[in-house]
Structure formats: C-alpha cells, structure tokens
There are 2 protein chains.
Amino acid sequence: MIMSSYLKHDEWNIIEEGFHPEKSRDSESLFSIGNGHMGQRANFEEKYSGSTLQGHYIAGIYYPDKTRVGWWKNGYPEYFAKVINAPSWIGIDIKVDGDYLDLATCKILDFHRTLNMKQSVIEREFTVEMPSGIQVKVKSTRFLSIIDHELGLIRYSVTPVNKNANLEILPYIDADVENEDSNYGEKFWEKTDGSCYHHEAYIATKTKKLDFHICTGMLFDIFAGGNKLSTKAHLVEEDLLLGNRVLLNATAGEEIVVYKYAAVVTSLDYPAAELMQIARKKLQEANDRGFHAILNAHIGEWERKWEHSDIVIEGDVAAQQGIRFNILQLNHTYTGKDARLNIGPKGFTGEKYGGSTYWDTEAYCFPFFMATAGEEVAKNLLVYRYNHLQKAIENAEKLGFTNGAALYPMVTMNGEECHNEWEITFEEIHRNGAIAYAIYSYIRYTGNESYLAEKGLEVLMGIARFWAQRVNYSEAKKKYVMLGVTGPNEYENNSNNNWYSNTIASWCMEYATKAIEIVKKQNPSRYKEIVAKTSFDESKELAKWNDIIANMYYPYEENLKVFLQQEGYMDKEQILVKDLDPAQRPLNQKWSWDRILRSCFIKQADVLQGIYFFEDRFDLDTIRRNFEFYESRTVHESSLSPCVHSILAAKIGDIDKAYELYLRTARLDIDDYNKEVREGLHITSMAGTWLSIVEGFGGMRVKDGKVSFTPHIPKQWNAYSFRILFMGVALRVRVTHKEVLIYNEEGESIVIGVYGKEYTVNKGGSISVAPLA
Amino acid sequence: MIMSSYLKHDEWNIIEEGFHPEKSRDSESLFSIGNGHMGQRANFEEKYSGSTLQGHYIAGIYYPDKTRVGWWKNGYPEYFAKVINAPSWIGIDIKVDGDYLDLATCKILDFHRTLNMKQSVIEREFTVEMPSGIQVKVKSTRFLSIIDHELGLIRYSVTPVNKNANLEILPYIDADVENEDSNYGEKFWEKTDGSCYHHEAYIATKTKKLDFHICTGMLFDIFAGGNKLSTKAHLVEEDLLLGNRVLLNATAGEEIVVYKYAAVVTSLDYPAAELMQIARKKLQEANDRGFHAILNAHIGEWERKWEHSDIVIEGDVAAQQGIRFNILQLNHTYTGKDARLNIGPKGFTGEKYGGSTYWDTEAYCFPFFMATAGEEVAKNLLVYRYNHLQKAIENAEKLGFTNGAALYPMVTMNGEECHNEWEITFEEIHRNGAIAYAIYSYIRYTGNESYLAEKGLEVLMGIARFWAQRVNYSEAKKKYVMLGVTGPNEYENNSNNNWYSNTIASWCMEYATKAIEIVKKQNPSRYKEIVAKTSFDESKELAKWNDIIANMYYPYEENLKVFLQQEGYMDKEQILVKDLDPAQRPLNQKWSWDRILRSCFIKQADVLQGIYFFEDRFDLDTIRRNFEFYESRTVHESSLSPCVHSILAAKIGDIDKAYELYLRTARLDIDDYNKEVREGLHITSMAGTWLSIVEGFGGMRVKDGKVSFTPHIPKQWNAYSFRILFMGVALRVRVTHKEVLIYNEEGESIVIGVYGKEYTVNKGGSISVAPLA
C-alpha cells in the first residue's frame, strides 16, 4: 500500500503534524466538513496568501454556465451546471502589531491539524513567529452543525506567547468569491442587500442566473481571560465584504477567543425577501444557546450516526482510518432529509463534476444509505428521480424519442442534462438502467412493493419505453441490436452491442413488465390511472418489449466462453495489465485518447458490473471465467471500479485479490492514489468501499425477503464488524478468524442466512457460526 | 433548382437590385473579394448600424485561441487556430448636414450592388434620402489588386442630388476590431505604433499571441468636379482609429470623389520594424500611379486568369453564373505564389473553420489549381505539406506513434494540429491518405518523378509508417484491422475497419514502396541520404508494409456485393433517403447527433470517394452497384459530397443523376442551399464543382502520361467548354450535343484519348469527334 507521508495513521482522526504548504490544497480537500446542506473545504479562517482553492458549497445551488464545446452538436444541453463557491462565512483576519497573521509568510514554530471523524470537527493549533519577533499561538475549532444545517460555528483563539501584542481582529463575511473553473474569470453572485452591525454582519446575494437567493450572516463574541469583551468594533462595509474590526491589547499568555456563529439560509427554503431577517434571528438564537451547547448537541448526533454506520476493523489502523473517512464524508454529503438533493461525485469538497448527480448515486451510494440511514432516506433518492421524470422524457424527446420514453441525464442538477460530450451525454445511456435497478433494489431490500404503484412504475415504464426505441432490429443478425453506446467502461466510446447495456436494457423491460403485473394486481385503479396518464398501449407495448427481451443480441466469445464487452473487442491486440510498463500508467495521463480507445484496456469492467447486478443468473464458473478475463485487462482508472471487482473476487473466494482491490478504494483519497485529491474527494466511490466490506467480505445478499451473509476475512485483519438496518431490524455482524457473530441489536426476531444455512436471531440476541476454513 | 429570389441571373456578374437588409450578412459573404494575400467581406465603407459580420482576413495570420472543450482529453492540441478579423482598411464615414449616411437608418431610394466577376471588382450605387430631406447618391468601386497583393483600392463618390449639402467625409483605418467567435469578446490585436498625416494614416498592430505584426495604411485624394481638392483635413487620432475628417460644401449635382488607397503589409514578408515605412512608400507609389492605372492593370491580369480557368456553359445562365462564381472565389483565395499559404474551407469570407487547411486542399482543390494555374502552383501545395513534415511527425508522437510516423493534422495553420474533437483530430486520419494521393496525382499529371527524390518520398514514408503502426493484427480475424476511425463520412465516428481508410492506408504503403523503388533507381545517392535521415530499416519496414498490404481486412457485403463502409453497417436499420420525410432534413439541423450516428444515412460516401480515387481497380458493374447502394443512402450534407457522386454518375453514364448532383454544388452559395452563406462561402467545395464538369461531364482522366476525355453533355445545356494545362500544353475542350472539339491552344502536338481512341492534336490545331449517343 502506498502510504502518504504527511498524514498520520489513526483510528478516529485525520492528522497533519507540521505544516505542509505544498499539500495545502490536498489538505483543504481532506479536512473538508459538511452537513448535507452545505460543505466547506478546510480553508483557513485567517488570511492565507499561499496556494488555496476556496470552497464553500451549498446543496442545490448551482450555476448554469455556458457550455464549452469546440463544435456544437444537435441535442447538446444549453448549459453546464456548476456547483458554485458561495460567499465565505469563515473569515477572521488577524493582525499582530500591524502584521498579518499568514501561514504563507510567518515563521511556523508548530502546526497541528485534526479532522476528528467521530465528531465531524476540524481543529487547528499552531504557533508562529511574526516578523516583529512576537510569537503567537492560534487554536481554531470549526464545525457545520449536523442538527441545524444552516449553522456553521468557529472558535478561534489567539494567544501572544512571549510579549504583549496589539491585536486587530476582523471577523467578516465575503461575497467577492469566484470559481477557479469559471470561464474567463466570470463571477456568479451579485449582492442584493447587506447590513453591518456591532458584532454582526449579513449579506444577501443572488446568483446571476436562475435567481437563487441566499443570505450569509455572522455574529461573534470575543472573550479575554474568560470574560466577554464589549470593545467597540469598527464596522467594515466594503462592497462585498462586511465585518467588524476589533482592536485590543493582549498581554503575553492571555488567550483572546472569538466565537463566530455563521448562518447560511437560502431561497430553496424561505422567501427570498425574508432571508436577512431569518439569518439574524437564527444567529441570535444560536448565540443565546452558546457555542459549547451547540457543539455538544452536534457531537451527540454524530455519535448516533456512527452507531448506525460505523465499520470497525481490528488489527489494521490504516484500513480502519480509511473506511471511517469514507463513511464520514458520505454522511457529510447527504443526509437524506430533502428529496431535492443528491450526491455529487465530489460532494462539497471541490468544483469538479459540478456537484451534480451521476449514476453513481444509484449504482454505488444507494445501498449504503439504505442500509445505514434507512428506508426513508433511500426512498428520497428514488423520489428525486421520480420528480425528474418529466425532464427525462423531455430529454429523450430532444434526442428524437417519442411516446413517453425517458432518458435520465448523465449529469444533472434539476433533471435537465448538463453534460456536453456526445459520447457520454447521448451514448452512456446505461445510466437509465441503474435508475431502474435502484427501484428494484429498494423493493427487494424493504419489501415495499407499494412504491411501484406510488411512483416507481411510472419511472420504470418511461425507461423501458426508451430502451424499446433505442434498439433496432438487425436484418443481418436477425436480432435486436443496440448501436452507438458507451458503457460504464468509458475507455470505449460509440461501441455496438455493449453487453452490459444490452443486458440491463433487456432487464429493465423485464422488470417493468413484472412491475406492471404487480401494480395491476395490487392496485388496479392506480394502474388504470397510470395507463391513462402515460397513454400506455399495454398489449402492443408489452408485446414489443417481450420480443426484444427474447431476441436481444449478446456478444459472446465462444473460445474463451466469456461475455464480450462489445462487438469487435477481440479484434484488439490482447495485452494484459500485468504486462503493461508501469511507466505508462495511469493510461489516462500517459496515453492519448485514441490510443486508449483502441487498446483492450478497461477503465472499469462493464461485464463485471453486469454480473454484479445480476449475479443469480450466472454459475460460479461463469463468474470466475469472466472475472479472470476482465480483471486482467482492467486498469481501474475509475474510482468506481475496484469495489465491484473486489466484491466479485470475494464471491469466487479469492480473498487476497479482494483485499488487494479493496485497498485501492479504501484509502484512495487519504493516500491520493490518483494524484488529484487537491481537486476534491471521491465521494461516490466511498460508498463502493463500504460495499466491498459489506457485500464483498461480508457477503451480504438479499433475496426473497431474506438477508444472508457469506463472510470472509482478509488475513491482514483480526476482525471487522458492520451494522445494517434490514426490515426494521438492526443487525451487527462481527467477523473474526474464529467466528461470525451476528447480533440483533434492534427489532424483532429475524431469520437470516449464513453460509447458506438459515438461523433465527432473536430480538436482542445473537448467533455465532464458525467461519469458512 | 431552388432559386434565390434576391440575386439576378447573369453570366458575368452577381447582382443585387434593391437593398435586402435581412440578407445583409449573406451579401457580405457573396460579394467578397480577395487576392490570395488578403480578402474582404462586402462590408460597407460608410457606417452601417444594421446586422453585419465585419471581416478582413490576411493570409497566414492567425490567432491560437484557447480551445473550448468540456473535458480535456490527452493529445488535444493546446489551441484552436482562428483566422482573425484584421484592422479595417475600408472605412469612409459620411455625414450629410450632420447626419450619418447609414443604410440601416436612411430612406433608400435605389440600391444596386454588383460583383463583376470578370474584373473582380465590387460596385455599389445607391440613392438615399437623409432625415433632413436631402437626397444623396453614392457610388463605390472596390478591388484588391491581383498584381500588387498588398493594395486595396476604393473609389467612393457622394453626390447631393436635390440640394447643396455640407459633407463631412472621414476616411479612416480602424484597429478596434474583433471576431464574433472569440471567447467572451476577447480581442486579438494590440497597437504598436500609429501615425496620422494630412490625407494619410498608418497603424501598426501585432497579434497578442505569436507576434504577427502588420501595418495597415491609407492615403486618399478628394476630387470635386474633376479637380483634386486640397481642403485642410482634421487629423483624427483616436486610440485605435486613425483618419482625416474633411469638411466641404457640395452643390447639388456635384460629385465628390474619394480615392482611397490602402496597404496591408505584414511581418511574414518584411521586418516588423519597417512595416510603417514600407506601407507609406507603397501608398505613395500607388498614388503616383493613380487609381485607374492600377485598376486597369488588375483587370488585365484577371482577363489572363479567366483565359486559363474559365468554364463556359451555353444555354444555362444560372449554371454559367454558378461555375464562374466558384472559379472566381477559388482564385480569390489562393494564387499559389507562396508555399506558406493554403486554402481554407471558407477562404477569406468568414470566421468559420478558422481559415485553416483541411484535407479539402488535396482531395478537391489540388486538381483545379494544377490544371488551371499550372505545375508550379500545384507543387507549392505539395511543398506546404513537405514543410510541415516534422510537425506531422511530432503530432503522431504526441499520440504515441514512433519511428518517424507522420500524422498530418486535420486542421492546421503552421503544421500543428488545432482541432479539438477527438473523433476528428485523432480519428479522421484518412486525411493522411489524401496528402499522399496528391503527390501521386501530381506526378501522374506532370510526369515529374524527380519530385519524389526532392521532397515527396520523405512525406510518403512518414505516412506509410503511420499506417503500419495504426493497424493491428486481429487474432480473431487473422487479418490486419484498423480500429477507431472516422471516415470522410463524418456521420459515423469511431468505427472499425472503415473501408475507405483501410483502402487508402494500404494504397499509401503500396505507393511508398513504389516511390522507394523509383528513387532508389533514379537517384541512389539521394535515396541513401533519405534512408539515413529517416533511419529507414528497408528490409524490415518494407516486409511489414507488404504483410499489411497482403492481409488487410476489407469489409464486404456478400449478398449485395458492395464494399461495406465499415463493420456493422448492415446492422443499422436500412432506410433510403428517398423515404426520408423532407421535414427531417437537413438531418444535421433536425436530428440529434446520436440519432445521426445510429442511422444508416451518410454525409458523403466514403466508399464512393475510394472508388473515385482508385477507379481503375473496379469494373463498371462494381462501380454501379456501389454507387446505387451508397447514393441512395447519402444525404450530401457535406458541401464536398455531391461532386464525387456526380463524377461517378457520369462515369456510369447516368447523366441526369450527374446533372442533378452537379446542381447541388454549383450554386450552393449563391442559392444558399445550406442556409449558412452568411457565415462565409464554401471555397473548397467550389473546386468540386469544377471537377464535376471536367472529370464528370468532360470525363477527363490521366493515365500513363496521357490525358483522355469521355465527354457527356447534360440535355439542359447547349455547350460547355473548359481549358486545362497538361504537360506544357493548353487544351480547350468544347462539348456540344453534336461534337467534341478539342483545341491545342498552346504547346506542342499532343496525343490525347477521346472515348477510348487516340488522336493527335497539333500545335494550334484541333480535332472534332462525334459525341456518344
């Protein structure tokens, strides 16, 4: 395992000892915090003139930036949605005897930064020597409340160490912010209002397009020696920066403490005109409660979150730290309270991928939130897509489809497509399948078939209709074919008869057919309603679907007896990854795009993704043959790749391989494998890490309303345990080399499977099973 | 034929009667003039506040603009070259009694505009009524000297018709110009110097990148009643606009004439520091010669050009006008004097396609210039590519090729690739073949084999080496395959085993092999030199090429016995163009890109392009079968498409079809078939029109050092004639329904073929042959 030299291994903390300015952007990503409503990169409160990517992002607020294309192609979306850097709430500038406290220019005597994962609190402590020779110690503690999502709090203290000092302290809010990735430095916000008071400031801004309004407010207190100061503050009212300048003398050894309360409220939740007064009320209430009371409540809520979602790994601190970091950041990104929100591939930790929703949500994140946050949270993720169904239909119409066919976007904020590469936007259509699969997965896991009548069936029908039009009958093959697609393996574009896409397309039509039967039987009046609403021609459309299902073409390699990723794959020069010169990797940085496209190398293996989704269709030999063929050709240059391979490796009993693949995902960001953590974290792939343990090593499967496990344990670990919510029961699974222990922590008695046998685990009880040799 | 309502049919002129403001940009394109060194859209001299695309372009001067891409892909070029709108030399603002003369705001009493094609002169004549009620008549005459390429001249006269008038006349030059297609309004020029004198002004500017320097100068005289006025002029010295303001009183009926001489000189031809003084000297000399003397010399030179290149069509004014317009604009764009220059798809008539060089030059324009402008001009087009060979090798290296493999760019200014769509830049590699083919074509036509040793062989070897690496051996097929290409039919991307690309690749290796034999035999010392320079491993590399030539895979449709455009083409739903709803056309405006890609419809037929290039390999039945199969599926949405189809239709004797296809190309711009003439003219496809007549109807072919003809005449015409230069002989071919007359206008006796028989045409003599029934 590559170990990053600059972060310490610790079970519950991410720790930087000593300041690493060359890693400043990496650290800003890694020490990010969030609470579902907003997120904040680990930018410093005080001025910092070194390299930095300022980032404060608010869920659901985006900017439809002008698309950048060389040559316009019909069907391209008009805009590219960007998550935008919102007005800054963290700023506290410090001057000591007239000199700025700035870690890029001061002499650093010590520096210590911790992301306390248990509490979701970021702490910094450092001592610097100013140009004047005075030494100053700073401590900062920052969190975004997981209870009141609109609050961010900071405790920031300055202590002159060796002399008395004149301090100038400027807590502020600043709307003069921009995105690094904006075109020609374009700015996205404009100020609509602003007020500055004694120890308070509020700025109301709106986005230049789409009219998202927000108000960013701050209120602060200053304490010296435990006493609140009432020093007169000078109001600072620049155009876009509002704050208070406080001047005071601090004696050597005296800690001056600033408690800064910030509120970020938006027109997604309140009338725009009331935002300023709502923010002020919120901050005054927060101030009444006090910093420590709010922090304690926050810590308590995180304790509950960890109870539900923690995975404990014994005997491997690096692995333990890795999985906790992933779980923490997933919970920073999405809390499931608001069906308008979703999970961006970089969450709130960077600009890239625009904070938008990808198929990552359904294919990777959905099981994590369903098993740890519960059915309602999972359902909100489904409802998100249901609410976008009309837009998906319009998206398909734009491409020439008719009759209510729905094509969900590859990348979206509000249901509209906003990605502008034809090979992705128009062709990476397998995403539609993942959206249907999440509905299937939800119902399989929760047993809640009534969701089909409620919302699911309409989505499934729109998707099935899309596939029925997207294939065509080949007179040459006497089969239905699907031309011009990009599979999950984005190292092939515009290929024909991609096995995964053909497989999931056909499955979608099968499942939609089954869902129709269920709704028709369980809720005939609702079925009639849906038929009317969608102008569904049952007999004709079902006949068409069934004809396609029965006559779909699936490329197959007869000699090797493997499913063929796409037609023509065997025409490529067949080289294995093990024979690739390591200097050539990662291919996506070393090779030109055409060379990648022509090569046999795979970014993430389509066929294995399909086998993972539809495992029950294949015997173990088939899985093994395909795994061996594709794993040996896969370079795993998608962060989403190793987890599925790891799960399948565990499935075929190759635990060493599973472990090797697990390692590629678990500490991807902490150890910065892809040399890009400065841009933000790989949030959605973090769910894949969770899957690698729970479905991979733990072997959890759900079938016929029952959950089962086939646990394995890597030899490198002493034990691991995880917890899942299933049908109202909370099960904790602990696996050691000697036994598999399953506790029923909450809920009624339940029958579960372990290694193919059934056991009843009573309420509050547990079972112990000997592990496989 | 669709007839544009607003332009008159005329054999020698493009005529607009009455002003059509809604067509103002169309007219600006259509009335464009040029002289190889520079070109000018038909923007007005006087202020015009209506819709306009200002365009003055200078050959070889471009701007490496920031590429616009959604997601960067390795191998993409760093910039996108743009032809840039250069400082304006045409401006003459007029105020009449204080009101601006502006065709967008004045009442227009009459308006008449002519592009005199015989003389390459644009004339306007109009009368307007000013807000004050005064009527003013204006006449302007403008040309870009075809003799002294750096000069542009204007005669501009104003006559108050019904009253005396106070005139304010402001001839100026203006460097405050921009491109419409620049990113966020970015400007490309900066001023380095400027001087303003009595009746003179000079502005020196440089491009913000690449440091192209130019000087734009003007000098003018004003005459009243035939007398030169010496009225004191007020110098106008704004930052980027320099000129003279002349105030005078004109009595009713008195014509005030401005003669404006402009010079545009560049650092491509002179030291940057001397440009101002060179421009001034040039203008003073021009002024000494006088407007009319320069105009007469210009007209005389155009007379010679027409003698060499004119095609006369009798009995069809529209066709006559169409072909002359095409020949004129080709001659506006390229004069062949400078091997650094080439032919952009829009010449100097618009911003689109960036004035860059495409494969259009070799595939379409080359034969026109070779046959009408002569061997030296054609050779300069070859030398252009020879001079870019090192850049083509670097371009291939960037994509991972080695050993001196050369990939010529899809789009270039200086030899570097500057197109940024992967499916074109990386995959539309057949362009390499056209560059080799032009060398072959030149030698076939001129007999000048020594060019191979001189320059050609190095290019051919670089290209052959590219193909040898670009194919790979398919174990599945036991053949060499070429994966991931885009053929000339750009309605397919990233396809495998494109028949045309495989065919031309193999041919390139064959021809390179043959060229090696020739040079080895004719010039062994030069051959040794080339072998050393290119580290050519003769036996190994030739063996490899020959293995590929012998074992290349060519997709073939067994049932229909046609060459298959690419693998999998027959899996598409097979629909014919005749069954397409006309409301769906043009597809590129009505259909999304993915729908186009998945459909069987063809932009221009690859296979037919290949058959056109290698006609001798195929019997007439094969040509007919392929023509019928592909023509019925081709939508001709490339301006380069119909000419090749027309030539093949003539070849198989389907003259009606050939004529129908000819019509699509001949008046493409004049009648604005593609609804985009406002963006500029389709210069390179104009050469295709010439080919349709000479190689299509005329049936001209060159083989074994002899030229032959198989003339046909469309029933719609009474006669047509064209002239070609061939091996030092100028032949005029005149075809009527009764005879084929071939004159030997210049040069020694020559043996030529007509309808498969040989005839000797003596110096100054002619032969007459009865046409085919």
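These numbers come from a predicted model, not from an experiment.

**Some points on the sheet that holds strand E4 (residues 38-40) of chain B**
Residues and elements named next belong to chain B.
Stage number 1. Sheet architecture is open: three strands sit in the order E3-E4-E5, paired in antiparallel fashion. A single partner strand is all that each edge strand has here, and the edge strands are strand E3 (33-34) and strand E5 (56-58).
Stage number 2. As paired strands, E3 and E4 are joined by two bridges and run antiparallel to one another. From the neighbouring strand, Gly 34 faces E4, where its bridge partner is Gly 39.

**A word on the packing of helix H16 (residues 606-613) of chain A against helix H18 (residues 641-651) of chain A**
All names here are of chain A.
Stage number 1. Contact geometry for H16 and H18: axes closest at 10 Å, N-to-C directions at 55 degrees. With respect to H18, the axis of H16 lies oblique. Here H16 and H18 pass one another in a crossing that is left-handed. Contacts from Leu 608, Gln 609, Ile 611 and Tyr 612 in H16 reach Val 644, His 645, Ile 647 and Leu 648 in H18.
Stage number 2. Taken together, the residues of the contact of H16 with H18 break down into six nonpolar, two polar and no charged.

**Some points on the relation of the copies chain B and chain A**
Stage number 1. Aligned on chain A, chain B shows an RMSD of 0.0 Å; the corresponding rotation is 180 degrees and the shift along the axis is 0.1 Å. Expressed as a symmetry operation, the mapping of one chain copy onto the other fits a two-fold axis.
Stage number 2. An overlap of 100% is found between the interface residues of chain B and their copies at the interface of chain A, pointing to a shared contact surface.

**Structural notes on the side chain of B:Glu200**
Stage number 1. Position of B:Glu200 among the secondary structure elements: in strand E16 (residues 200-207).
Stage number 2. If near-sequence neighbours (up to four positions away) are discounted, B:Glu200 is found in contact with B:Met218, B:Leu219, B:Asn244, B:Arg280 and B:Gln284.

**Overview of the pattern of salt bridges**
Stage number 1. A full pass over the atoms with the stated rule returns 118 salt bridges over all chains.
Stage number 2. A salt bridge links A:Lys352 to A:Glu679; the shortest N-O distance between them is 3.4 Å. On the criterion of sequence distance, the pair formed by A:Lys352 in the loop between helix H4 (317-333) and helix H5 (360-372) and A:Glu679 in the loop between helix H19 (655-666) and helix H20 (683-697) is long-range, its members being 327 residues apart.
Stage number 3. Given the relative accessible area of 27%, A:Lys352 is considered partly exposed.
Stage number 4. The partly exposed category is assigned to A:Glu679, whose relative accessible area is 24%.
Stage number 5. The closest approach of N and O atoms between B:Asp338 and B:Arg340, which form a salt bridge, is 2.9 Å.
Stage number 6. Among the ionic contacts, a cluster of salt bridges with common partners joins A:Glu45, A:Glu46, A:Arg124 and A:Arg142.

**Focus: the sheet that holds strand E4 (residues 38-40) of chain A**
All names here are of chain A.
Stage number 1. Spatial ordering of the open sheet is given by E3-E4-E5, a layout of three strands whose pairing is antiparallel. Both outer strands of the open sheet, strand E3 (33-34) and strand E5 (56-58), are each paired with one neighbouring strand and no more.
Stage number 2. The sheet contact formed by E4 and E5 spans three bridges and is antiparallel. Opposite Gly 39, over in E5, you have Tyr 57 as the bridge partner.

**Let's talk about the side chain of A:Gln321**
Residue and element names in this part refer to chain A.
Stage number 1. Among the structural elements, Gln 321 can be located in helix H4.
Stage number 2. Among the polar contacts made by the side chain of Gln 321, one reaches the main-chain carbonyl oxygen of Lys 8 at a distance of 3.0 Å.
Stage number 3. In terms of polar contacts, Gln 321 uses its side chain to reach the side chain of Arg 667, at 2.9 Å.
Stage number 4. Other than its neighbours up to four places away in sequence, Gln 321 contacts Lys 8, His 9, Asp 10, Glu 11, Asn 13, Ile 14, Met 117, Arg 667 and Ile 670.

**A few points about the interface of chain B and chain A**
Stage number 1. Facing 53 residues of chain B, the contacting portion of chain A comprises 53 residues.
Stage number 2. Summed over the three residues of chain B that lose the most area to chain A, namely B:Trp71, B:Tyr184 and B:Asp571, the buried surface amounts to 20% of that side.
Stage number 3. A salt bridge links A:Glu421 to B:Lys73; the nearest nitrogen and oxygen atoms lie 2.7 Å apart.
Stage number 4. Taken together, the connections running from chain B to chain A amount to 24 residue pairs in polar contact (both at pLDDT 80 or more).
Stage number 5. Where the side of chain B that touches chain A is concerned, the elements lending two or more residues are strand E6 (62-66), helix H8 (422-425), strand E23 (472-474), helix H14 (587-590) and helix H15 (593-598) of chain B.
Stage number 6. It is H15(B) that contributes the most residues to the side of chain B that touches chain A, five residues altogether.

**A short note on unusual backbone geometry**
Residues and elements named next belong to chain A.
Stage number 1. The peptide bond linking Arg 585 to Pro 586 adopts the cis configuration, its omega dihedral lying at -5 degrees.
Stage number 2. With respect to the helices and strands, Pro 586 occurs in the loop between strand E26 (562-563) and helix H14 (587-590).
Stage number 3. For Asn 403, which is not glycine, the phi dihedral falls at a positive 55 degrees.
Stage number 4. Look at Asn 403 and you get partly exposed, because its relative accessible area is 39%.

**Some words on H16(A)**
Stage number 1. Judged by how many residues are buried, H16(A) sits mostly within the fold: eight of eight residues are covered.
Stage number 2. Three or more residues of H16(A) are buried, namely A:Asp606, A:Val607, A:Leu608, A:Gln609, A:Gly610, A:Ile611, A:Tyr612 and A:Phe613.

**Overview of the packing of helix H16 (residues 606-613) of chain B against helix H17 (residues 620-631) of chain B**
Residue and element names in this part refer to chain B.
Stage number 1. Orientation of H16 relative to H17, taken along the N-to-C sense of each, is 150 degrees, at an axis distance of 9 Å. On the basis of their axis angle, the class for H16 and H17 is roughly antiparallel. In this structure, H16 crosses over H17, and the sense of that crossing is left-handed. In this structure, H16 contributes Val 607, Leu 608 and Ile 611 to the contact, and H17 contributes Ile 623, Asn 626, Phe 627, Tyr 630 and Glu 631.
Stage number 2. When the residues that make up the contact of H16 with H17 are grouped by side-chain class, the tally is six nonpolar, one polar and one charged.

**A word on the packing of aromatic side chains**
Aromatic ring pairs: the centre-centre distance and the angle between the two ring planes describe each pair.
Residues and elements named next belong to chain A.
Stage number 1. Scanning all chains against the criterion turns up 106 aromatic pairs over all chains.
Stage number 2. Aromatic rings pair up to connect Tyr 437, Tyr 440, Tyr 500, Trp 507, Tyr 511, Tyr 612, Phe 613 and Phe 614 into one cluster.
Stage number 3. Lying over the aromatic face of Tyr 172, Lys 260 brings its terminal NZ or CZ to 5.8 Å of the ring centre.

**Quick notes on the environment of A:Ile683**
Residue and element names in this part refer to chain A.
Stage number 1. Mapped onto the elements, Ile 683 comes out in helix H20.
Stage number 2. With relative accessibility at 0%, the residue Ile 683 sits in the buried group.
Stage number 3. With 29 residues separating them in the primary sequence, Ile 683 and Asp 654 have C-alpha atoms 27 Å apart.
Stage number 4. Setting aside residues no more than four positions away along its own chain, Ile 683 makes contact with Gln 329, Leu 330, Thr 333, Ile 343, Gly 344, Pro 345, Lys 346, Gly 347 and Thr 349.

**Thoughts on the confidence of the model for chain A**
Stage number 1. On average, chain A scores 96 in pLDDT, and the residues at 70 or more come to 99%.
Stage number 2. Note on the complex model: pTM 0.94, ipTM 0.91.

**Overview of the pairing of strand E12 (residues 135-144) of chain A**
Residues and elements named next belong to chain A.
Stage number 1. A large share of E12 lies buried, amounting to seven of its 10 residues.
Stage number 2. Sheet analysis places strand E11 (residues 121-129) next to E12, joined by eight bridges and oriented antiparallel. Bridged to Glu 125 within E12 is Lys 139.
Stage number 3. Between E11 and E12, which pair antiparallel and follow one another directly, the connecting turn spans five residues, one of which, Gly 133, has a positive phi of 95 degrees.
Stage number 4. Across nine bridges, the pairing between E12 and strand E13 (residues 151-160) is antiparallel. Bridging from a neighbouring strand, Val 136 pairs with Pro 160 of E13.
Stage number 5. Connecting E12 to the next strand, E13, in antiparallel fashion are six residues.

Parameters at a glance
- Residues numbered from 1 in each chain as written.
- Chains lettered and ligands numbered in written order.
- Predicted model: local features only at pLDDT ≥ 70, side-chain atom pairs only at ≥ 80, totals over all residues.
- Heavy atoms only, no water.
- Pairing = 2+ DSSP bridges.
- Helix = DSSP H or I, 4+ residues; strand = E, 2+ residues; numbered from the N terminus.
- Axes fitted to C-alpha atoms, helices over the stretch in contact; angles between N-to-C directions.
- Parallel < 35°, antiparallel > 145°, perpendicular 65-115°, else oblique.
- Left-handed = near helix turned anticlockwise from the far one by under 90°.
- Contact = heavy atoms within 4.5 Å.
- Nonpolar A, V, L, I, M, F, W, Y, C, P; charged D, E, K, R; others polar.
- Least-squares fit on C-alpha atoms with pLDDT ≥ 70 in both.
- Salt bridge = Lys/Arg side-chain N within 4 Å of Asp/Glu carboxyl O.
- Buried < 20%, exposed > 50% of the residue type's maximum accessible area, 1.4 Å probe, protein only.
- Polar contact = N/O pair within 3.5 Å; in protein donor to acceptor, adjacent residues only side chain to side chain.
- Buried area = accessible area lost by both parts, 1.4 Å probe.
- Phe/Tyr/Trp six-rings, centres within 6.5 Å; stacked < 30°, edge-to-face > 60°.
- Lys NZ or Arg CZ within 6 Å of the ring centre and 35° of its normal.
- pLDDT = per-residue confidence, 0-100.

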